[in-house]
Number of protein chains: 2
Amino acid sequence: MRVLGIDPGSRRTGWAIVDRQGSRFTVVASGVIQTDPGDPMPTRLREIHDGLRGVIAEHAPTAAALEEIFAHKSAASALVLGQARGVAMLAVSSLPLHTYNANTIKKTVTGSGTADKAQVGRMVAVHCGVEVRVADEADAIAIAITHHNHGGSPAPARRTSRRDMWTEIARRAGAIP
Amino acid sequence: MRVLGIDPGSRRTGWAIVDRQGSRFTVVASGVIQTDPGDPMPTRLREIHDGLRGVIAEHAPTAAALEEIFAHKSAASALVLGQARGVAMLAVSSLPLHTYNANTIKKTVTGSGTADKAQVGRMVAVHCGVEVRVADEADAIAIAITHHNHGGSPAPARRTSRRDMWTEIARRAGAIP
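Within any chain, residue numbers begin from 1 and follow the written order of that chain's sequence. Chains and ligands are labelled by the order in which they are written, letters from A for the one and numbers from 1 for the other. Only residues with pLDDT of 70 or above have their local features reported here, since the model is predicted, and side-chain atom pairs are shown and tallied only from 80 upward, although totals for entire chains, interfaces and linings are computed over all residues. Note that water and hydrogens are dropped before the side-chain values are worked out from all heavy atoms of the structure.

> Mind showing me how you'd approach the overall build of chain A here?
Secondary structure elements are defined from DSSP: runs of H or I of at least 4 residues count as helices, runs of E of at least 2 residues count as strands, and each element is numbered from the N terminus. Check the secondary structure of chain A and you find six helices and five strands. Secondary structure elements in chain A, listed N-terminal to C-terminal, are β-β-β-α-β-α-β-α-α-α-α. A simple rule labels every residue: compare its accessible area, found with a 1.4 Å probe on the protein chains alone, to the largest value its type can have, and call it buried under 20%, exposed over 50%, or partly exposed in between. Counting all 177 residues of chain A, 47% fall into the buried class.

> How should the pattern of salt bridges be read in this particular structure?
Residue and element names in this part refer to chain A. By salt bridge we mean one thing: a side-chain nitrogen of Lys or Arg within 4 Å of a carboxyl oxygen of Asp or Glu. According to the stated counting rule, one finds 10 salt bridges over all chains in the structure shown. For aspartate 136, the salt bridge is made with arginine 12, and the minimal N-O distance between the two is 3.1 Å. Note that aspartate 136 is positioned in helix 5 (residues 135-150) and arginine 12 in strand 2 (residues 12-21), a separation of 124 residues in sequence.

> Honestly, the packing of helix 3 (residues 102-110) of chain B against helix 4 (residues 117-128) of chain B in this entry has me stumped. Any pointers?
Relative placement of two packed helices is described by the angle separating their axes and the distance separating the axes. All names here are of chain B. Relative to each other, helix 3 and helix 4 sit at 50°, their axes nearing to 9 Å. Of the possible angle classes, the one that applies to helix 3 and helix 4 is oblique. In the packing of helix 3 onto helix 4, the handedness of the crossing is left-handed. Residues Lys106, Thr108, Val109 and Thr110 of helix 3 lie in contact with helix 4, whose contacting residues are Gln119, Val120, Met123, Val124 and His127. We call Asp, Glu, Lys and Arg charged. Ala, Val, Leu, Ile, Met, Phe, Trp, Tyr, Cys and Pro are nonpolar, and the rest, Gly among them, are polar. Taken together, the residues that form the contact of helix 3 with helix 4 break down as four nonpolar, four polar and one charged. Lines fitted to C-alpha atoms define the axes here, with helix axes fitted over just the stretch in contact, and angles between the N-to-C directions of these axes take values from 0 to 180 degrees. By definition in this entry, angles of less than 35 degrees are roughly parallel, angles greater than 145 are roughly antiparallel, angles of 65 to 115 are roughly perpendicular, and the rest are oblique. Each crossing is labelled by how the near helix is turned from the far one, with a counterclockwise turn of less than a right angle marking it left-handed and a clockwise turn marking it right-handed. Contacts: residue pairs with any heavy atoms within 4.5 Å of one another.

> For this particular structure, what's the right way to read the relation of the copies chain B and chain A?
One copy of the chain maps onto the second through a rotation about an axis and a displacement along it. Least squares is used to superpose the copies, and the fit set is the C-alpha atoms of residues whose pLDDT is at least 70 in both copies. It takes a turn of 180° to lay chain B on chain A, together with a shift of 0.0 Å along the axis; the resulting RMSD is 0.0 Å. Those values place the two copies in the arrangement expected of a two-fold rotation axis. Same-surface contact between copies: 100% of interface residues of chain B are shared with the interface of chain A.

> Would you mind showing me how to read the pairing of strand 3 (residues 24-34) of chain B here?
Strand residues, when the strand is regular, have side chains that alternate between the two faces of the sheet. All names here are of chain B. What makes two strands pair is DSSP finding at least two bridges between them. As defined by bridge partners, strand 2 (residues 12-21) adjoins strand 3 across 10 bridges and the pair is classed as antiparallel. Bridge pairing in strand 3 links valine 18 to valine 27. The loop that links strand 2 with its antiparallel partner strand 3 comprises two residues; one of these, glycine 22, has a positive phi angle of about 60°.

> Help me understand helix 4 of chain B, please; the structure alone is not making it clear to me.
Residue and element names in this part refer to chain B. One fewer than the residue count of a helix, multiplied by 1.5 Å, yields its expected span. Spanning 12 residues, helix 4 covers 16 Å between terminal C-alpha atoms, matching the ideal 16 Å at 1.5 Å per step. For helix 4, the full list of buried residues reads Val120, Gly121, Met123, Val124, His127 and Cys128. Structurally, the start of helix 4 carries an N-cap: the backbone nitrogen of alanine 118 is 3.2 Å from a side-chain oxygen of aspartate 116. Immediately beyond the C-terminal end of helix 4, within one or two residues, lies glycine 129, with a positive phi of roughly 65°. The term polar contact refers here to a pair of N or O atoms within 3.5 Å; inside protein, the definition further demands a hydrogen-donor-capable atom paired with an acceptor-capable atom, and it admits residues adjacent in sequence only when both atoms are side-chain atoms.

> Any chance you could explain the sheet that holds strand 5 (residues 97-101) of chain B here in plain terms?
In a beta sheet, neighbouring strands are held together by backbone hydrogen bonds and run either parallel or antiparallel to one another. Residue and element names in this part refer to chain B. In spatial order, the strands read 3-2-1-4-5; together these five strands make up an open sheet with mixed pairing. If you trace the sheet from one side to the other, it starts and ends with strand 3 and strand 5, each paired once. Adjacent strand axes in the sheet meet at a mean angle of 25°, parallel and antiparallel pairs treated alike. Against the sheet, helix 3 touches strand 4 (63-68) and strand 5, its axis set at about 85° to strand 5.

> Help me understand the environment of arginine 11 of chain A in this model?
Residues and elements named next belong to chain A. For arginine 11, the location among the structural elements is in the loop between strand 1 (2-7) and strand 2. Taking the C-alpha atoms as reference points, arginine 11 and proline 37, separated by 26 residues in sequence, lie 6.8 Å from one another. Once you skip the residues sitting within four places of it in the chain, arginine 11 turns out to touch Ile33, Gln34, Thr35, Pro37 and Arg44.

> Got a minute to help me understand the interface of chain B and chain A in this structure?
You'll often see interface size given as the accessible area lost when the parts meet. Each partner contributes to the interface: chain B provides 23 residues, whereas chain A provides 23 residues. Carbon and sulfur atoms make up 74% of the area that chain B and chain A hide from each other, which totals about 1900 Å². By convention, the term buried area covers the 1.4 Å-probe accessible surface removed from two parts as they join, with the contributions of both added. Together, Pro42, Leu79 and Leu90 of chain B form the three largest contributors to the area buried by chain B at its contact with chain A, with a combined 31%. Applying the counting rule to chain B against chain A returns zero salt bridges. In this assembly, chain B and chain A are joined by eight residue pairs in polar contact (both at pLDDT 80 or more). Of all elements in the fold, only helix 1 (41-59) and helix 2 (75-91) of chain B reach the threshold of two or more residues within the side of chain B that touches chain A. Among the residues forming the side of chain B that touches chain A, the class breakdown is 14 nonpolar, seven polar and two charged.

Written out as structure tokens, the structure is:
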């Protein structure tokens, strides 16, 4: 199973293609589609849509995952975010789409539903053995990992409890021997 | 000049193709793209996008117009509206897009920036000589008329003042001889 995680935004849309073999995650490719705020919105939405279509054409993911948005700081910014999110959903409409709320994503990746962006970034690096410098890209990877763990890939042959999973992650991170 | 007016929404997206000859407006075609709230959102966004692409392919408008949204009742509904609006903007990204705020649209079509939906519907009927039963469709026609009057078609050969325009509209409506 190959998951396309997306963190849409009108300025920056993070995306990541993540594979899983057993308990290992591999970031096959990831990036950020950046648009110029000086360009007309239809042009920017076209870049987001076509950028994601290009990612799908190149990497052939079998599922897509997005963050579920319940609340937002203001109606005005929610409208603009909605526009980017709409074209992202359109771009992946050929794939099964799964959404997860922010708490589930944070909890899956860091163990805490209240983790901040930096913690998410660090744990993404631990999970995948890659360093990600852009938060939107790290978020997209985190969303893809969440789908692998929740609805995506079959569990490893030996059923791993949540505690086992954290022990394994801590070990890989060098926090315990 | 042929204008595609759009009133996007996740459930109902009104659209209208409006021509202008001199001071006359002609609704070449109009309709509503309805989506099933029971369907997954990507499917519904695909229907809105592909529906509008079909309208463009069939009627070859030379410009598109949308309502500018500044405020909205809630961030949650703004996000959902934004998604529909995003795919509508994507669908028309091959055309010059113009946006007008609600007050300008109402004032252009009814003479009052505080007109209600029923007044907009009635005045659209007067302008175009068609009866429109669906509010979303009437709104799409109103948006197209607004673009014709503001940035769209060249003014009639004899420059018509706003007062003249209202006199002409009232005459056509039978309100004055």
